[in-house]
Amino acid sequence: MVPGSLPVGQRWIEAPVPYDIGPVPDVDPSRFRLHLFGAVERPCEISWDELLRLPQAMVEADFHCVTGWSVPGVRWEGVRTREVVDRVRPCPDVVWVMAHGREGYTTNVPYVQFQDALSLLAHRMNGVPLLPEHGHPLRLVIPSLYAWKSAKYVVALEFLPDLRRGYWEARGYHDIGDPWRGERFRKGP
Ligand SMILES: Nc1nc2c(c(=O)[nH]1)N[C@H]1C(S)=C(S)[C@@H](COP(=O)(O)O)O[C@H]1N2
Ligand SMILES: [Mo]
């Protein structure tokens, strides 16, 4: 990733445009649970309070949507994905993480990019709690990949040894989705 520069086929805009496959869901954070399961030694649930007690991090990163817009320097705050990986201890054969959104959205994220130092479970964006349309109360943020991998309203992370495709991936989008490689659509099966 080259911070501050623009991948081929992108143009800068000021703020992310909300994209949703369905109605924006919402939930009282006090009832929130993040489920971690699949090929892991220790499946668990993390409550909102527990999440806020984990070490907090801030990441400033450009946000690239596959439709062609990029937003410079979005500030995300939350918990590094590495923190939850340490908790559940994924099996050595894990290659994918399926992120599940409350409204049924899914996306398969390569385990390598999921664990990137910049990848977060974010609950704040640009200094305020996530707005409903940007994923309240929690979203995944994977700055190294196109924005469709940054699942909003995330309620579960499923660790997988074998490829299973998420919502857009099942409709022809790339399994990895690296904007620096222009990985928009899948070639081949
Ligand atoms: N749960 C959920 N997450 C989602 C989506 C969605 O429809 N549902 N859309 C994705 C797409 S296609 C993009 S481009 C980004 C847009 O993020 P934004 O809505 O915060 O601008 O969210 C991604 N995460
Ligand atoms: Mo998108």
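Right above here is the structure, for reference.
What counts, and where the lines are drawn
- Residues numbered from 1 in each chain as written.
- Chains lettered and ligands numbered in written order.
- Predicted model: local features only at pLDDT ≥ 70, side-chain atom pairs only at ≥ 80, totals over all residues.
- Heavy atoms only, no water.
- 1 Å grid on protein atoms, 1.4 Å probe; cavity = no way out; pocket = protein on both sides within 12 Å on 5 of 7 lines; lining within 4 Å.
- Points joined across faces, edges and corners; volume = space filled by probe spheres on them.
- Pairing = 2+ DSSP bridges.
- Helix = DSSP H or I, 4+ residues; strand = E, 2+ residues; numbered from the N terminus.
- Axes fitted to C-alpha atoms, helices over the stretch in contact; angles between N-to-C directions.
- Contact = heavy atoms within 4.5 Å.
- Near = heavy atom within 4 Å.
- Polar contact = N/O pair within 3.5 Å; in protein donor to acceptor, adjacent residues only side chain to side chain.
- Areas by Shrake-Rupley, 256 points an atom, 1.4 Å probe, with all protein chains shown as cover.
- Sits in = over half its atoms within 2 Å of the grid points.
- Nonpolar A, V, L, I, M, F, W, Y, C, P; charged D, E, K, R; others polar.

A. Quick look at the layout of surface pockets. Estimates place the volume of the largest pocket at around 380 Å³. In terms of lining, the largest pocket is formed by 23 residues, of which the most central are Tyr19, Tyr105, Ala147, Trp148 and Trp168.

B. Molecular detail of the sheet that holds strand S3 (residues 44–47). Within the open sheet, the 5 strands sit side by side as S3-S2-S11-S6-S7. Their pairing is mixed. Of all strands in the sheet, those with a lone pairing partner are S3 and strand S7 (106–110), marking the two edges. If you compare each strand with its neighbour and ignore which way they point, the axes differ by 20° on average. Contacting strand S2 (33–38), S3 and strand S11 (154–160), helix H2 (residues 81–88) crosses the sheet at an angle of about 140° to S3.

C. Region of interest: the site of ligand 1. Residues in close proximity to ligand 1 total 20 residues, the closest being Val17, Glu103, His134, Arg139 and Lys152. A distance of 2.6 Å separates an oxygen atom of ligand 1 from a polar side-chain atom of His134. Coverage of ligand 1 by the protein amounts to 97% of the 530 Å² it exposes when considered alone. Structurally, ligand 1 is housed in the largest pocket. In terms of residue class, the shell around ligand 1 is made up of 13 nonpolar, 2 polar and 5 charged.

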